[in-house]
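Notes for the structure review
Below are the chains, spelled out letter by letter.
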Amino acid sequence: IGLSIFTLGMLLAILFFMVGPLGVSGVIKGTQLAEKADPEDKPLSFKTLFNTIKSTYWKVLLFSLGYNIASIILVLIFFIPIAFLTVITCGVIWLLFIPITLLLHMMVIFTIIAIVKEEKGIFEAIPRAWHLIIKNLGMVILMSLILGIGQLILTLVISLPLVFSMALPVGINLAVTGGDSAGVGMIISAVLALILIPLMILVGGVIEAFVLSSWTLTFQRLSDKGELETVTLNGEPDTKEAQENAE
């Protein structure tokens, strides 16, 4: 039985790992197509969206696999030194990891967006993401704070019903019966939790999709800004040359 449960868990983990990049690619490409679409165009179908992300899905999957493997290796290598520094500095060392973690998180997001939106290879998308983030670091930090705080607040709000559904029946039961039939309250809490957990997962997925769509639009705005600056800089010599010819 234990082996069967372990095998089932591994199969589900592999399934979720392979489906995750599909959903991420779909959100990014759907946001891109929706932004370019005219109001009179037909609604975007799942078949059309799926056909547009087939070419980039495997690249996103490979990048996610490589990133996760690299993360595990780094954790194994630096676990003992970081634990030692944490004890010595009383945890202050973790303040240094906040900007590093934020930068890595943004690198992953922007790299995946570059792969899907601009159809770049993995080793082309990584420097593309780095250049865009460093060049617009202030805007990226601001958007990270806005989206991060907003996502945290929404997550806490949707988590409250689950907490109350599990604690309230047990609390009422204890107050009324003095704990003589606490099992009834626990059963009610479990039933309510089973009902609310799928709903919370769905709402959480919607929030994640909204955040990813916002980053996709931010990526597009920053890319357009960079292209506009390039065009302007390239146009300056022509303007000066035209003025000299006119004189």
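In short, a report on the structure. (Residues numbered from 1 in each chain as written. Predicted model: local features only at pLDDT ≥ 70, side-chain atom pairs only at ≥ 80, totals over all residues. Heavy atoms only, no water.)

Concerning the side chain of T31
Note the following rule: Helix and strand assignments come from DSSP, with helices taken as H or I runs of at least 4 residues and strands as E runs of at least 2, each series counted from the N terminus. Polar contact is the term for a pair of N or O atoms within 3.5 Å; when the atoms are in protein, one must be able to donate a hydrogen and the other to accept it, and sequence-neighboring residues count only if both atoms are side-chain atoms. When checking whether two residues touch, look at their non-hydrogen atoms; a contact exists if any pair is within 4.5 Å.
Positionally, T31 belongs in helix α1 (residues 2-36). A polar contact of 2.7 Å, which involves the side chain of T31, links it to the backbone oxygen of V27. Beyond its immediate sequence surroundings of up to four residues, T31 is in contact with S213, T216 and L217.

Things to note about helix α2 (residues 46-88)
The following threshold applies: Multiplying 1.5 Å by the helix residue count minus one yields the expected span of that helix. To get the bend at any residue, fit one axis to the seven residues that end at it and another to the seven that begin at it, then take the angle between the two axes. The rule is simple: take the accessible area with a 1.4 Å probe, protein chains only, and divide by the maximum for that residue type; under 20% is buried, over 50% is exposed, in between is partly exposed.
If you check α2, its first and last C-alpha atoms are just 54 Å apart, much less than what 43 residues at 1.5 Å a residue would give, namely 63 Å. Residue K54 marks the point of greatest curvature in α2, where the axis turns by about 55°. Within α2 the residues assigned to the buried category are L49, I53, T56, Y57, V60, L61, F63 and S64. Immediately downstream of α2, the backbone of C90 shows phi near 60°, a positive value.

With respect to the packing of helix α3 (residues 94-117) against helix α4 (residues 122-135)
Think of two packed helices as two axes; the pair is described by the angle between the axes and how far apart they sit. Selection rule: Axes here refer to lines fitted to C-alpha atoms; in helices the fit is confined to the stretch in contact. Angles between the N-to-C directions go from 0 to 180 degrees. These descriptions rest on fixed angle ranges, namely under 35 degrees for roughly parallel, over 145 for roughly antiparallel, 65 to 115 for roughly perpendicular, and the rest for oblique. Here a crossing is taken to be left-handed if its near helix is turned anticlockwise relative to the far helix by less than a right angle, and right-handed if that turn runs clockwise.
Two elements in contact, α3 and α4, have axes whose closest approach is 8 Å; the angle formed by their N-to-C orientations is 125°. When the axes of α3 and α4 are compared, the pair comes out oblique. In the crossing of α3 with α4, the sense of the turn from one axis to the other is right-handed. Across the interface between the two elements, L103, M106, M107, F110, T111, A114 and I115 from α3 touch I122, A125, I126, R128, A129, W130, L132 and I133 from α4.

Re the nonpolar core
Inside soluble globular proteins, nonpolar side chains tend to come together where they are buried. Note the threshold: By nonpolar core is meant a set of buried Ala, Val, Leu, Ile, Met, Phe, Trp, Tyr and Cys residues that side-chain atoms within 4.5 Å join together.
With 27 residues, the main nonpolar core has M106, I109, F110, I112, V140 and W215 as its most contacted residues. Among the secondary structure elements, those contributing two or more residues to this core are α2, α3, α4, α5 (137-177) and α6 (182-246). Among the elements that make up this core, the one with the highest residue count is α3 (10 residues). With sequence-adjacent residues up to four places away left out, M106 is seen in contact with I133, V140, S144 and W215.

Description of unusual backbone geometry
Positive phi is not limited to glycine here, since E119 has a value of about 55°. Note on placement: E119 falls in the loop between α3 and α4.

Description of the packing of α2 against α3
For clarity, the cut-off: In this classification, Asp, Glu, Lys and Arg are treated as charged, Ala, Val, Leu, Ile, Met, Phe, Trp, Tyr, Cys and Pro as nonpolar, and every other residue, Gly included, as polar.
Following both chains from N to C, one finds α2 and α3 inclined at 170°, their axes separated by 11 Å at the closest point. Classified by the angle between their axes, α2 and α3 sit roughly antiparallel to one another. On α3, the residues touching T56, K59, V60, F63, Y67, I82 and T86 of α2 are W94, F97, V108, T111, I112, I115 and V116. For the contact of α2 with α3, the class distribution of residues is 10 nonpolar, 3 polar and 1 charged.

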